[in-house]
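# Remarks on the overall topology
What follows is each chain in one-letter form.
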Amino acid sequence: MQKNKNIIEQAQDKFTDAMAQCCSLWGLSRLAGRIFGILFFNDDPLSLDEIPQNLKVNKSNVSVRQLQRWKMVKQVWIKGQRKYYYQAETNFHKIMSDLMTIFLHGEIEIAMAGISESRIILEENILSLSDEDKKKAHISIERLKKNRGILWTFRAVFTGFS
């Protein structure tokens, strides 16, 4: 039994460390990643008192707000309890879709607006250009059309917006 527990702890430690690294790259604290890792490996939700005990950190350092905003952790109600309890989202497809929506929706909209505005400028003024510039404008228009289509598909697939 002790050997099995050690194996599970090793796996949890590896996963938790990986999540700490990911969160750090995303602009969160490493502790946020460790919190997610602990919650991910627990079958039952944990309270804000239990999370720091599991991580061996001060309670004052523990916050799940950003993880909640990013929909990686949700608050759950336990009948008869007055404390807040938290549970990790365990479906990585859902997590990544939510993160794509949070992070990329605005950037995609900006890029699509830039493509549309550039295309309009080129199309409305192409007749006034020299032959050489007309060729460049046609090439640019085709590139803009192609990439707008790619962004449109990306937005629909990854963020749920069409």
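Before reading on, note that the structure itself is shown above.
In this report, we go over the structure that sits alongside the text. Since the model is a prediction, treat every value here as computed from it, not as a measurement.

## Focus on the sheet that holds strand β1 (residues 46-47)
The 3 strands lie next to each other as β1-β3-β2, forming an open sheet whose pairing is antiparallel. Lying at the two open borders of the sheet, with one neighbouring strand each, are β1 and β2 (73-76). Sheet analysis places β2 next to strand β3 (residues 85-88), joined by 4 bridges and oriented antiparallel. Within β3, the residue paired with Gln-75 across the bridge is Tyr-86. Together, β1, β2 and β3 form the strand contacts of helix α2 (residues 30-41), whose direction differs from that of β3 by roughly 85°.

## What about the nonpolar core?
Within the largest apolar cluster, 23 residues are counted, with the highest numbers of intra-cluster contacts made by Ile-35, Phe-36, Leu-39, Ile-51, Leu-67 and Met-72. Put simply, the parts of the chain that give this core at least two residues each are α1 (2-25), α2, α3 (50-55), β3 and α5 (92-125). It is α2 that contributes the most residues to this core, 6 residues altogether. Aside from chain neighbours lying at most four places away, what touches Leu-67 is Cys-23, Leu-28, Ala-32, Ile-35, Phe-36, Met-72 and Val-73.

## Focus: α2
Taking 1.5 Å as the rise per residue, α2 with 12 residues should run 16 Å; its terminal C-alpha atoms sit 17 Å apart, in good agreement. Taken as a whole, α2 has its buried residues at Leu-31, Ala-32, Gly-33, Ile-35, Phe-36, Gly-37, Ile-38 and Leu-39.

## Digging into the state of the cysteines
Covalent bonding between the sulfur atoms of two cysteines defines a disulfide. Taken as a whole and judged by the stated rule, the model has 0 disulfides. Unpaired in terms of disulfides, Cys-22 finds its nearest cysteine sulfur in Cys-23, a separation of 7.0 Å.

## Looking at the environment of Tyr-84
Tracing the backbone shows Tyr-84 in the loop between β2 and β3. Separated by 39 residues in sequence, Tyr-84 and Pro-45 have C-alpha atoms that sit 9.4 Å apart. Setting aside anything within four residues of it in sequence, one finds Tyr-84 in contact with Leu-46, Ser-47, Leu-48 and Gln-75.

Thresholds, definitions, all that
- Residues numbered from 1 in each chain as written.
- Predicted model: local features only at pLDDT ≥ 70, side-chain atom pairs only at ≥ 80, totals over all residues.
- Heavy atoms only, no water.
- Pairing = 2+ DSSP bridges.
- Helix = DSSP H or I, 4+ residues; strand = E, 2+ residues; numbered from the N terminus.
- Contact = heavy atoms within 4.5 Å.
- Axes fitted to C-alpha atoms, helices over the stretch in contact; angles between N-to-C directions.
- Core = buried A, V, L, I, M, F, W, Y, C linked by side-chain atoms within 4.5 Å.
- Buried < 20%, exposed > 50% of the residue type's maximum accessible area, 1.4 Å probe, protein only.
- Expected span 1.5 Å × (residues − 1).
- Disulfide = S-S within 2.5 Å.

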